[in-house]
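# Observations on the three-dimensional arrangement
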Amino acid sequence: MTNVTAHARAATVRGLLRRPRTGSVAKVLMITPAMALFLTFYVAAVVFGIVLSLYSWNGLEPRHYVGLANYRQLFSDDPIFLTNVKITLLVVVACVATVLPLALLLAVCLAGRSRILPVFRSILFLPVIVPLAATALLWSEFFSPTADGVANRLLHVFGIGRVAWLGDTTAAPWALIMVSIWTLVGIHVVIQLSALSAIPTELKEAARLETPSTSRVFLHVILPLLRDSLTVSAALIVTGTFVFFTALAFIMTLGGPDHATEVLGLRAYLDGFDALNFGRASAVTVITMLITIVLVGFTLFVGSRRRVEY
Amino acid sequence: MASIRFDGVTKRFKDGTVAVNDLSLDVPDGEFIILVGPSGCGKTTALRMVAGLEDVSEGSIYLGDERVNDVDPGYRDIAMVFQSYALFPHMTVYANMAFPLKMRRVAKREVNERVREAARLLGLEPLLARRPSQLSGGQRQRVAMGRAIVRHPAAFLMDEPLSNLDAKLRTEMRGQLARMHLRLGVTTLYVTHDQTEAMTLGSRIAVMKDGIVQQSGPPQELYRAPRNAFVARFIGSPPMNFMHGELVDDALVVDGPDEPARVRLGERWPGRSGSVLVGIRPEAFCEGAGDPAEDVLTLHGEVDVVEDLGAETMVYFRHSARIPELVQVDGQPVETFVARLEGMRLHTPGERISFHVDPAALYLFDADSGDALAPQLTHERL
Amino acid sequence: MADGEAVTYAPGRAETRMERPHRAAPPFVRELARYAILIVASAIALYPVLWLVAAAMKTQPEYIQNPTGLPHSINFTNFQTVLGNHVLLRYVLNSAIVVGCAVPIVTVTSAMAGYSLARLWGKAGGTAILFLFLFSEFVPIGIVAIPLLLTMQQLGIESGKVRLICVYSVLMMGFAVLVFRAFFRSVPEELREAARLDGCSEFGVFWRIMVPLARSPMTLIAVISFIALWNELFLAVVLLNDATDRTLPLGLTELRGTYSTDWPTLAAALLLSAVPTLVLYAVFQNKITSQLSRSTTRD
């Protein structure tokens, strides 16, 4: 008998010693590779950006600390910066306001059992897959300011005169916004479609039994259930536009004409590579980050407020 | 209130499957009719056609005097309780129950009255401000019922509303459903695969298989006088035992361990010879070998498993009689018979055991079609 | 149920305002509207791409004459010109190396991280780490491109290819970790417990049980990452300093100068560069769109 109890006790002690250790070692080890890369090449950059924004540096001479001088200069002395912020906000709002309803509409159209619908879905997703370089260059050619440019020819069909498109300060940002919408809608159509399909059929049927009007069913039952996916989509459009539009503007207009398409991301690039003012570039980056956080936070906040239906 | 009538209704799906085949059924005003059958038998499809959620391929469905085949579900004045309750997760209990009235633009005050009346009926008053995710299964079920009655519809349709509840809750809710029907008296068409539910809830049952109604009538009638082997096996728990037998002259002969068992049928003889399927309800078995003088069917077998349920004992035993292949549980052929004995009986696995059965308690079915062979007595002794 | 209470049940229509027309708004009208919208949208989505294909098959003079119409004939000469361009081929090679390294790195590290977040980490640590990855989803790495460049310089990483491999790994990581975490949470805990009871270590559980199960999300992440990284442009612009290191998208934009008057050839180059991603998309499109979506047939 005593042998058994001694054996059992030893086993318990071994068990107690063994369990917590391997668990915590494994979880740390597993996350380390990802974390190492992530910290080094993202977090470090963020932190470095914040730090560097307080310095003045042109890449060659040693940097010297200037505190908030970069920020002060941007906000008080720099009319172009205001344009940067304005155009960035315009682009973001325009994209969200267009892409979201459009994606929802298309998702509703795509929801069904017909076998031809997946074909449409694939076609609508295609612009997402087209490489950015191709998109940018193709649309650049499309928006050629000559009368032979494809866009101008289309206008001609409608009896409108030719537009300078990328050379025109009013038209350029809108041209780029159109390209952004063309590219990004596909992703969100798919996201909304998935959310739409996730609504249990029985809910839709229960609603149908109470009213034959599909629009009322949509308004009272489906839309509230889509609120979460719409919020996520909105947030992703905000961040996606920031990055995508910057790259687009970089290739198609390089911020021109006359800073009309110079969004914040591009401004940071130009400050860094053209003006060689890395301090100011970092300050712009920090401001960009803050604006992104605020916009995304706002979107998520608006989207998560629960309306009590009484 | 209205009656529901199926008139030669057939439902054919796009891939060709016939879910409902020439269904004709009358649900008179105020009655509680149950469609029961194994999954895939078409009962849910039939129900959904009444709701308007499925189109009718052939035939007509009438609500009251009106043919409703082409009427939009929202206009049919029926309410449905779904198997998963289909409560709107983003609305409170109150809002869920108010939804049907809101959709019909009923005045706010009346909405309030009716919702509270339904809530009182179902004991939901303390829950009105909660959301479905904060409710238990039983509470959700009651909310689904509340949403159905708040409109005072002409008829209720219920699609297996109790199957998602645990056993105890199910029994309780069955009682509540029965009481509600007594009080409100609304025409109800109820679908379930659980024959116990069917037997206890409905004033009439219709057993369906492969889209065809096998038999319809009061529960007791289906139990005592099943029209075919399917109904006989479907109704009753534990299910009826089946074995192959031969009709020779006016006697039934069944395989036995040493020699065939034999019983004279007398008036029970269906008027022909040949192979038959013999059905015996578990409660028809009497312990002991039976007096050879009295003409009874004696079976000698070996005990397999004994279930002591307190008030009764189920004895599963093996016998050399051949069990038809189509008698299966869950896809596996059945190899034992089951006898239901009263009280506590001490039997052990492996023990040799004998039962006898009164020929009046035997059910005879055609070996090919499964149809019951006349004459059937009403078995008062049971 | 409240017993013994009087119930006034007066069945009948709850309201009087509903008429009884039969099927509301014939479904055929709705279907017509639906397909009309889809056709218009698809045309808008497809036309630029088709236009590009058409342009690539025209000769330069043909294009000037007729930019919007169909090509004379199916002409592959532009494609041949492009394929003969050695500089371009070097860019392709660069892209292949960079993306070819980054994709497996992302897939594997994110899978491990995602699994450990799903099952091994507790509330405190887990939420903090998760927050970090979520943050990177909402403040994408593209925004901190300039500081990133400076970080690289500080770290002394000069090789353009190495820089891109590191950054590309991080680019998709946030998304990948979230996807893997969600996936592994859907795998029942019992599998892991049963394996542990059988003496398997945590790593063993991951490699032997979880990874084989995760083949689907892993393929998915690999494909999505490949497509996104193959097409990535801005970070390449910022981080590369040596012309020989250029990746394909970057190289193509530079080509604008070489082929500035020869759009058809440039179009051909663009199309060819899109081939790998288009092929992957064609093969995996169902998986891709159904990761972002459930099956449409549920409607």
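Residues numbered from 1 in each chain as written. Chains lettered and ligands numbered in written order. Predicted model: local features only at pLDDT ≥ 70, side-chain atom pairs only at ≥ 80, totals over all residues. Heavy atoms only, no water.

## What to know about the overall build of chain B
Helices and strands together make up the secondary structure of chain B, namely 8 helices and 22 strands. For chain B, the spread of C-alpha atoms along the three principal axes comes to 80 × 45 × 35 Å. Each of the 382 residues in chain B was classed as buried or not, and the buried ones make up 55%. Nonlocal contacts in chain B, meaning residues at least 24 apart in sequence, comprise 68% of its contacts between residues at least 6 apart. (Helix = DSSP H or I, 4+ residues; strand = E, 2+ residues; numbered from the N terminus. Buried < 20%, exposed > 50% of the residue type's maximum accessible area, 1.4 Å probe, protein only. Contact = heavy atoms within 4.5 Å.)

## Thoughts on the overall build of chain C
Counting its regular elements, chain C contains 14 helices and 0 strands. Starting at the N terminus and ending at the C terminus, chain C contains elements arranged as α-α-α-α-α-α-α-α-α-α-α-α-α-α. Here chain C, with 299 residues, has 49% of them falling under the buried criterion. Once local pairs closer than 6 in sequence are excluded, the contacts in chain C between residues at least 24 apart make up 72%. Per element, the accessible surface of chain C, about 13800 Å² overall, is 65% carbon and sulfur. (Areas by Shrake-Rupley, 256 points an atom, 1.4 Å probe, with all protein chains shown as cover.)

## Observations regarding the sheet that holds strand 13 (residues 261-264) of chain B
Residue and element names in this part refer to chain B. The antiparallel open sheet is built from 5 strands, whose spatial order is 13-12-11-14-22. Sheet topology places strand 13 and strand 22 (363-366) at the edges, where each strand pairs with a single neighbour. The mean angle between the axes of side-by-side strands here comes to 35°, regardless of whether they run parallel or antiparallel. When strand 11 (residues 241-248) meets strand 12 (residues 251-254), the two strands line up antiparallel, connected through 3 bridges. By the bridge assignment for strand 12, Leu247 is matched with Leu252. (Pairing = 2+ DSSP bridges. Axes fitted to C-alpha atoms, helices over the stretch in contact; angles between N-to-C directions.)

## Looking at the interface of chain A and chain B
How big an interface is tends to be stated in terms of the accessible area lost upon association of its parts. Taken together, the contact between chain A and chain B spans 19 residues of the former and 33 residues of the latter. Both sides of the chain A and chain B interface together cover about 2400 Å² of buried area, and 60% of this is carbon and sulfur. Summed over the shared surface of chain A and chain B, the result is 3 salt bridges. Where Arg48 of chain B meets Glu205 of chain A, a salt bridge forms, and the shortest distance between an N and an O atom there is 2.6 Å. Put simply, chain A and chain B have 7 residue pairs in polar contact (both at pLDDT 80 or more) between them. (Buried area = accessible area lost by both parts, 1.4 Å probe. Salt bridge = Lys/Arg side-chain N within 4 Å of Asp/Glu carboxyl O. Polar contact = N/O pair within 3.5 Å; in protein donor to acceptor, adjacent residues only side chain to side chain.)

## Digging into the confidence of the model for chain B
Per-residue confidence for chain B gives a mean pLDDT of 86; residues scoring 70 or more make up 97%. Within chain B, no element has a lower average pLDDT than strand 18 (residues 328-329) of chain B, which sits at 72, and none a higher one than strand 8 (residues 187-192) of chain B, at 94. (pLDDT = per-residue confidence, 0-100.)

## What to know about the interface of chain C and chain A
With 95 residues of chain C at the interface, the matching set in chain A holds 89 residues. For the pair chain C and chain A, the two sides together bury roughly 8400 Å², of which 77% comes from carbon and sulfur. Scanning the region where chain C abuts chain A turns up 0 salt bridges. Our enumeration of links across chain C and chain A arrives at 8 residue pairs in polar contact (both at pLDDT 80 or more). Ranked by the residues each element gives to the side of chain C that touches chain A, the list is headed by helix 1 (residues 27-56) of chain C, at 16 residues. Across the side of chain C that touches chain A, the residue classes break down as 62 nonpolar, 23 polar and 10 charged. (Nonpolar A, V, L, I, M, F, W, Y, C, P; charged D, E, K, R; others polar.)

## Points about the nonpolar core
Of all hydrophobic cores here, the largest spans 235 residues; its most connected members are Phe6 and Leu189 of chain B together with Trp263 of chain C. Looking at which domains feed residues into this core, each of domain 1 (2-52) and domain 2 (77-304) of chain A gives three or more. If we ignore the near neighbours within four places in the chain, the residues touching Leu189 of chain B are Ile4, Phe6, Val27, Ile33, Leu35, Leu47, Val50, Phe156, Leu157 and Met158 of chain B. Counting residues in each nonpolar core, the second largest holds 49 residues, with Val93, Ile149, Ala198 and Leu222 of chain B among its members. (Core = buried A, V, L, I, M, F, W, Y, C linked by side-chain atoms within 4.5 Å. Domains from an automatic or database assignment.)

## Some remarks on the pattern of salt bridges
Applying the stated criterion across every chain, the model contains 25 salt bridges over all chains. With its nearest N and O atoms 3.3 Å apart, the salt bridge here joins Glu335 of chain B to Arg318 of chain B. With a gap of 17 residues between them, Glu335 of chain B in the loop between strand 19 (332-333) and strand 20 (337-342) and Arg318 of chain B in strand 17 (residues 312-318) connect regions that are remote in the sequence. Residue Glu335 of chain B is classed as exposed on the basis of its relative accessible area of 51%. Relative accessible area serves as the criterion here: at 35%, Arg318 of chain B is assigned to the partly exposed category. For Glu189 of chain C, the salt bridge identified is with Arg119 of chain C, shortest N-O distance 3.4 Å.

## Brief notes about the packing of aromatic side chains
In the structure shown here, the tally under the stated rule is 37 aromatic pairs over all chains. For the ring pair Phe32 of chain B and Tyr190 of chain B, a centre distance of 5.6 Å and an interplane angle of 35° mean the geometry is tilted. You can see Phe32 of chain B sitting in strand 3 (residues 32-36) and its partner Tyr190 of chain B sitting in strand 8, a full 158 residues away along the chain. In this structure an aromatic cluster arises from ring pairing among Trp139, Phe142, Phe143, Trp165 and Trp182 of chain A together with Tyr47, Trp51 and Trp263 of chain C. Lys27 of chain A extends its terminal NZ or CZ atom over the ring of Trp121 of chain C, reaching a point 4.6 Å from the ring centre. The ring centre of Tyr223 of chain B lies 3.9 Å from the NZ or CZ of Arg281 of chain B, which sits over that ring. (Phe/Tyr/Trp six-rings, centres within 6.5 Å; stacked < 30°, edge-to-face > 60°. Lys NZ or Arg CZ within 6 Å of the ring centre and 35° of its normal.)

## Considerations on the packing of helix 4 (residues 86-120) of chain C against helix 11 (residues 215-230) of chain C
All names here are of chain C. At their nearest, the axes of helix 4 and helix 11 sit 9 Å apart, and the two run at 145° to each other. For helix 4 against helix 11, the interelement crossing comes out right-handed. Only Met218, Ile221, Ala222, Ser225, Phe226, Leu229 and Trp230 of helix 11 make contact with helix 4, whose side of the interface consists of Val92, Ser95, Ala96, Val99, Ala102, Val103, Val106, Thr107 and Ala111. In terms of residue class, the contact of helix 4 with helix 11 is built from 13 nonpolar, 3 polar and no charged. (Left-handed = near helix turned anticlockwise from the far one by under 90°.)

## Observations regarding the sheet that holds strand 9 (residues 204-209) of chain B
Residue and element names in this part refer to chain B. Sheet architecture is open: 6 strands sit in the order 6-7-8-3-9-10, paired in mixed fashion. Each having just a single partner strand, strand 6 (78-81) and strand 10 (212-217) make up the two edges of the open sheet. Neighbour-to-neighbour, the strand axes of this sheet turn through a mean angle of 15°, independent of strand direction. Summarising the sheet, strand 6 and strand 7 (residues 155-159) pair through 4 bridges and their orientation is parallel. Paired with Met80 across the bridge in strand 7 is Leu157.

## A few points about the side chain of Asn228 of chain B
Residues and elements named next belong to chain B. Structurally, Asn228 can be placed in the loop between helix 7 (219-224) and helix 8 (229-234). A distance of 2.9 Å separates the side chain of Asn228 from the backbone nitrogen of Val231, its partner in a polar contact. Each residue touching Asn228, except ones within four places of it in the same chain, is listed here: Gln214, Phe365, Gly370, Asp371 and Ala372.

## Looking at the environment of Glu246 of chain B
Residues and elements named next belong to chain B. Locating Glu246 in the fold gives a position in strand 11. Glu246 sits 172 residues away from Gly74 along the chain, and the two C-alpha atoms are 56 Å apart. Beyond its immediate chain neighbours, meaning those up to four positions away, Glu246 contacts Ala251, Leu252, Val253, Gly274, Ser275 and Val276. A distance of 3.0 Å separates polar atoms of two side chains, one belonging to Glu246 and the other to Ser275.

## Regarding the environment of Pro292 of chain B
Residues and elements named next belong to chain B. If you trace the backbone, Pro292 turns up in the loop between strand 15 (286-287) and strand 16 (297-308). Exposure remark for Pro292: the relative accessible area of 76% places this residue in the exposed category. In this structure, the C-alpha to C-alpha distance between Pro292 and Asp22, residues 270 residues apart in sequence, is 49 Å.

## Considerations on helix 6 (residues 145-155) of chain C
Residues and elements named next belong to chain C. Taken across its 11 residues, helix 6 has 8 buried, putting it largely inside the fold. Residues Ala145, Ile146, Pro147, Leu148, Leu149, Leu150, Thr151 and Met152 constitute the buried set of helix 6. Remark: Gly156 follows helix 6 within two positions and exhibits a positive phi of approximately 80°.

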